[in-house]
Amino acid sequence: MTDNAVASAAHVTRLRRAAVAPIAGRRAPLGTDAVTITGGVLATWQRRNRDETVPHTLGELLAAGNLDNLRRIARPETLADTAYRGRYPFLDTDVFKTLEGLAYELARPEGTRADAATEAFYEEAVALIEGAQRADGYLNSYYQAPDVPKEPWEDLAWGHELYNLGHLIQAAVAASRQLGDDRLLAVARRFADLAVDRFGPTGEDVVCGHPEIEMALVELTRETGDERYLDLSRRFIDRRGRGTVELRVFPAEYFQDSAPLRELDAVTGHAVRMTYLTAGAADVALELGDASLAGALHRLWGDMLDSKLYITGGLGSRHSDEAIGDRFELPSERSYSETCAAIATMQWAWRMYLGSGEAASLDTFETVLYNAYAAGLSDDGRAFFYDNPLQRRPDHQQRTGAEPEGELLRRGWFVCPCCPPNIIRWTAELQDHLAVLDGETLHLAQYATSSIEVDGLGLEVTTDYPWDERVVIDVRAADGSTRLALRIPAWCRGASLAINEEQVEADAAAGWLHVDRALAAGDRLELVLPMPVRAHGADPRVDGLRASLAVARGPIVYCAEQGDNDADLDLVSLAPADVRAARAEIRRVTPNSEAVTRVVTVAASVDPVPADGLYPELTAGDQETDAAASGTTTVTLVPYHLWGNRGAAAMRVWLRRA
Ligand code: FUB
Ligand code: ZN
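The rules we used
- The residue count restarts for each chain, going from 1 along the sequence in the order it is written.
- Naming scheme: in the order in which they are written, chains are lettered from A and ligands are numbered from 1.
- Two thresholds apply to this predicted model, a pLDDT of at least 70 for residue-level local features and 80 or more for giving and counting side-chain atom pairs, whereas whole-chain, interface and lining totals are computed over all residues.
- Calculated side-chain values reflect all of the structure's heavy atoms, with hydrogen atoms and water omitted.
- Think of it this way: any DSSP run of H or I at least four residues long counts as a helix, any run of E at least two long counts as a strand, and we number them from the N terminus.
- What a helix should span is 1.5 Å times the count of its residues minus one.
- Per-residue accessibility, obtained with a 1.4 Å probe over protein chains only, is compared with the maximum for each type, and a residue is labelled buried under 20%, exposed over 50%, and partly exposed between these values.
- The criterion for a disulfide is a pair of cysteine sulfur atoms lying within 2.5 Å.
- A molecule or strand has a residue near it when one of that residue's heavy atoms lies within 4 Å.
- Residues adjacent in sequence count toward polar contacts only when both atoms are side-chain atoms; beyond that, a polar contact is any pair of N or O atoms within 3.5 Å, and within protein one must be able to donate a hydrogen and the other to accept it.
- Areas reported here follow the Shrake-Rupley algorithm with a probe of radius 1.4 Å; residue values treat only the protein chains shown as occluding.
- In this classification, the charged set is Asp, Glu, Lys and Arg, the nonpolar set is Ala, Val, Leu, Ile, Met, Phe, Trp, Tyr, Cys and Pro, and all remaining amino acids, among them Gly, are polar.
- The aromatic pairing rule takes the rings of Phe, Tyr and Trp, using the six-membered ring of Trp, and pairs them if the centres are within 6.5 Å, calling planes under 30 degrees apart stacked, those over 60 edge-to-face and the rest tilted.
- We call two residues contacting when some pair of their heavy atoms lies within 4.5 Å.
- The rule for donors is simple: N, O or S, within 2.8 Å of the metal, or within 3.2 Å if the metal is Na, K or Ca. Water isn't counted, so a site may look like it is missing partners.
- For a four-donor site, all angles between 85 and 135 degrees give tetrahedral; for four or six donors, opposite pairs above 155 degrees with the remaining angles between 65 and 115 give square planar or octahedral; all remaining cases count as irregular.
- At least two bridges found by DSSP between two strands is the condition for calling them paired.
- Think of each axis as a best-fit line through the C-alpha atoms, taken over the contacting stretch in the case of a helix, with angles from 0 to 180 degrees between the N-to-C directions.
- Throughout, a crossing is termed right-handed when the near helix is turned clockwise from the far one, and left-handed when it is turned anticlockwise from it by less than a right angle.
- An automatic or database domain assignment supplies the start and end points of every domain.
- Reported buried area values correspond to the accessible surface (1.4 Å probe) lost by two parts on association, with both partners' losses combined.
- Take a side-chain nitrogen of Lys or Arg and a carboxyl oxygen of Asp or Glu: if they are within 4 Å of each other, that pair is a salt bridge.

A separate point is helix H8 (residues 213–224). With 12 residues, H8 should cover 16 Å at 1.5 Å per step; its first-to-last C-alpha distance of 16 Å lies within 8% of that length. Among the 12 residues of H8, 11 are classified as buried, and the element is accordingly described as predominantly covered. Among the residues of H8, those classed as buried are Ile213, Glu214, Met215, Ala216, Leu217, Val218, Glu219, Leu220, Thr221, Arg222 and Glu223. Positive backbone phi, approximately 80°, marks Gly225, located one or two places after H8.

This paragraph deals with the state of the cysteines. Using the criterion set out here, one finds zero disulfides in the structure. Cysteine Cys208 shares no disulfide, and the gap to the nearest cysteine sulfur, in Cys416, comes to 14 Å. Not engaged in a disulfide, the cysteine Cys559 finds its nearest cysteine sulfur in Cys419; these two sulfurs lie 19 Å apart. Residue class for Cys559 comes out buried when judged on its relative accessible area of 0%.

Taken together, Phe90, His160, Tyr163, His210, His270, Val272, Glu322, Glu338, Tyr386, Cys416 and Cys418 make up all the residues around ligand 1. For ligand 1, an oxygen atom lies 2.7 Å from a polar atom in the side chain of His160. Between ligand 1 and the protein, one listed contact pairs an oxygen atom with a side-chain N or O atom of His270 at 2.9 Å. Here ligand 1, which alone exposes 270 Å², has 94% of that area covered by the protein. Of the residues in the shell around ligand 1, the class split is six nonpolar, three polar and two charged.

All right, on to the packing of aromatic side chains then. A full pass over the atoms with the stated rule returns 25 aromatic pairs. With a centroid separation of 5.8 Å and an interplanar angle of 45°, the aromatic rings of Trp158 and Tyr254 are classed as tilted. Separated by 96 residues along the polypeptide, Trp158 in the loop between helix H5 (116–132) and helix H6 (161–179) and Tyr254 in the loop between helix H9 (227–239) and helix H10 (271–288) bring together distant segments of the chain. Residues Trp158 and Phe255 carry aromatic rings whose centres are separated by 5.5 Å and whose planes lie at 70° to one another, so their mutual orientation is edge-to-face. Remark: Phe255 occurs in the loop between H9 and H10 and Trp158 occurs in the loop between H5 and H6; sequence separation between them is 97 residues. For Phe255, a relative accessible area of 1% corresponds to the buried category.

Structurally, the position occupied by Glu214 is in helix H8. Those residues in contact with Glu214 that sit more than four places away from it in its chain are Ser233, Phe236, Ile237, Arg240, Leu277 and Gly280.

Glancing now at the coordination of the zinc ion (ligand 2). The zinc ion (ligand 2) binds to the protein through Glu338 (OE), Cys340 (SG), Cys418 (SG) and Cys419 (SG), with metal-donor distances spanning 2.1 to 2.4 Å. The coordination sphere of the zinc ion (ligand 2) comprises four donor atoms, whose angles at the metal cover 94 to 120°; the geometry is tetrahedral. All donors of the zinc ion (ligand 2) come from a single chain, and their spacing in sequence reads E-x1-C-x77-C-C. Taken together, the residues Cys340 in helix H12 (residues 339–356) and Cys418 in the loop between strand E3 (391–392) and helix H14 (419–428) connect sequence positions 78 residues apart.

As a further point, take the sheet that holds strand E10 (residues 496–499). Ordered by their spatial adjacency, seven strands build an open sheet running E2-E6-E7-E8-E13-E10-E11, and the pairing between neighbours is antiparallel. Looking at the sheet topology across the chains shown, the edges are occupied by strand E2 (35–37) and strand E11 (502–504). Neighbouring strand axes in the sheet, compared pairwise and without regard to direction, differ in orientation by 20° on average.

Glancing now at unusual backbone geometry. The amide bond that connects Tyr465 to the next residue, Pro466, takes the cis arrangement and shows omega of 10°. Within the secondary structure layout, Pro466 lies in the loop between strand E7 (457–463) and strand E8 (470–478). Phi at His160 is positive, roughly 60°, even though this residue is not glycine. Its place among the elements puts His160 in the loop between H5 and H6. You will see that Ala547, though not glycine, has its phi angle at about 60°, which is positive. With respect to the element layout, Ala547 can be found in the loop between strand E14 (533–536) and strand E15 (548–553).

Time to look at the side chain of Asp68. Looking at where Asp68 falls in the secondary structure, it is placed in helix H3 (residues 66–74). The exposure class assigned to Asp68 is buried, which follows from its relative accessible area of 17%. Apart from the residues lying within four places of it in its own chain, the contact partners of Asp68 are Leu79 and Arg85.

Further remarks concern the packing of H12 against H14. It is at 8 Å that the axes of H12 and H14 come closest, and there the two elements cross at 35°. Note that H12 runs across H14; the crossing there is left-handed. Where H12 abuts H14, its residues Thr339, Cys340, Ile343, Met346 and Gln347 lie against Cys419, Asn422, Ile423, Arg425 and Trp426. Class assignment of the residues belonging to the contact of H12 with H14 gives a composition of six nonpolar, three polar and one charged.

Another point: the pairing of strand E9 (residues 483–487). Most of E9 is tucked away, with four of its five residues classed as buried. Of the strand pairs in this sheet, E9 and strand E12 (residues 512–515) are connected by four bridges, and their pairing is antiparallel. Across the sheet, residue Arg487 finds its bridge partner in E12, namely Trp512.

What follows concerns the domain arrangement of the chain. Entries for the chain in the domain assignment read domain 1 (9–245 + 252–433), domain 2 (435–528) and domain 3 (533–657). Taken together, the contacts link six residues of domain 2 with 12 residues of domain 3. Summed over both sides, the interface of domain 2 with domain 3 buries roughly 790 Å², with 64% coming from carbon and sulfur. At the surface where domain 2 touches domain 3, the tally comes to one salt bridge. Two residues, Asp468 and Arg598, come together in a salt bridge whose shortest N-O distance is 3.6 Å. At the boundary of domain 2 and domain 3, one finds two residue pairs in polar contact (both at pLDDT 80 or more).

A few words now on the sheet that holds strand E1 (residues 27–29). In spatial order, the strands read E1-E4-E5-E9-E12; together these five strands make up an open sheet with mixed pairing. At either margin of the open sheet sits one strand with a lone partner, and together these are E1 and E12. If you compare each strand with its neighbour and ignore which way they point, the axes differ by 25° on average. Here strand E4 (residues 435–438) pairs with strand E5 (residues 441–444) via four bridges, running antiparallel. Paired with Val436 across the bridge in E5 is His443. Strands in contact with H12 are E1, E4, E5 and E12; relative to E1, the strand with the most contacts, it is inclined by about 145°. Across the sheet, helix H13 (residues 359–373) touches E9 and E12, and the angle it forms with E9 is around 55°.

This is how it looks when you write it as structure tokens:
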């Protein structure tokens, strides 16, 4: 670690209750001891997480046998059946991810804390995990199961054992930071020590088929001060790309094993693997001050932003190998955009910002949060999208091999249930991603109704963002030592700031508006981020989006659902000027959406169905007919993340451009 790291360690220690708590660098995210979400859309999500998604998920984990798998090892005498339950060797991770979220939900103040049943699950799971660990530290209920004729570590490509360890570490760090409960941390350290022995400086020169351990190991060093874990993480990053993963079904790119990360010029392969890896690499680059790694990550980030990220922030174009796809391969109806990939992209974005201070990374974080990520969960909090398409055809009938009942809409659970518990932990941790102390300046990274307290500065933030453009910041306490910087999203033109009702200079540099005066208790800041309705086109190299248009307002991407519209969505055209002139009215769309949710209504034309078949010849006359609208209508658009909550119907993010 750098001298800078040592110098700032004491400072950061006070802020360690965040999910990501860097030792090096100048940016320290504020955690649960400093930030509380008290209202608005993120509070709604956190409440739903605690009251609906958590109880639902606990029930599913119990029914699917995830806890019994651990029980079979920890207390075999209490279980009659001996067979491992489930198809995959990584089902412990769903317990670990859930525990990570529960640590937050159980640490909340009285009145907002998760209930006794949640606590009982947490206690039972922790005890089973402790009991299932082997004397040498190894832990994996699949490889330890009596009926599984496989040995630990015999299948690094598909065994997911280090991926398992990664999620165990993250749960353990959360339990330690949020609850002061070090039981899981003791288990995680024993297993991590085994990994250091086996894969460290004197160990095997190999990597796990699924990255994830990398960011977990860095956080373990941050939590314990033991630098062997950070060193192992760096080794895993530098080892990957040298063809050590055994290939059976998928090529080396799938595992990011075709070229070393430092040399890779494009994000590639399995989307979740790629983004967990880059998130971990960003942690390593930050802690080690590794400029070459940081440079490679900027290159990869640029490739993703320039040609591979959906307008919703979704990542992954292919169902077949859950892969990112080629440049500009962004089909709407076959978008994979796994919910886990959305979370991993935000994890990467957050770390890119922590390393660089760039507001643009936070803009991407925000896009993913309010669109690709939020769409993954149903309005009632009890059903999930695994993949997140941007279009649903009227006659859609998807059947996948993995999910025998097909995928009508969101589902209550999956054979591979990686996404639901990932949503639990990520929603529980949202307050850790709102505010960051950058030296002496408090950065407001995301806007939410919240209470923030740090270094002699106490703020109350009140806003209906992202539905409303006004963010009010009341200064509760200020000793003048901490300055404030406000993120101005790239989509925003003409941001303005008033302090105590007096307009002040609001020129943002590189996405940050620095409030250049010492704040005093009683000050009121009013930030306005104008949110006209916007029309977006697409790079012509995205084949399916030529002559198309998408609608957005603030960070929210919109979609049209057939149920809200009389005209056939496949036949309507919107003119950019009509979109820009559109109304954004306040309307609750679903029972649990915010009362102040905005719905957009746009004047549109209805195109004729060609009279002569699927591929009519374009003669001069036909072209004129083709361009002529057969009628006019209005199209109602709702926030994309709320789609599919009112029955299965056609849906489109991209509509024809008039
Ligand atoms: O392999 C573990 C998880 O299962 C991946 O992260 C998901 O994409 C799913 O394939
Ligand atoms: Zn997933």
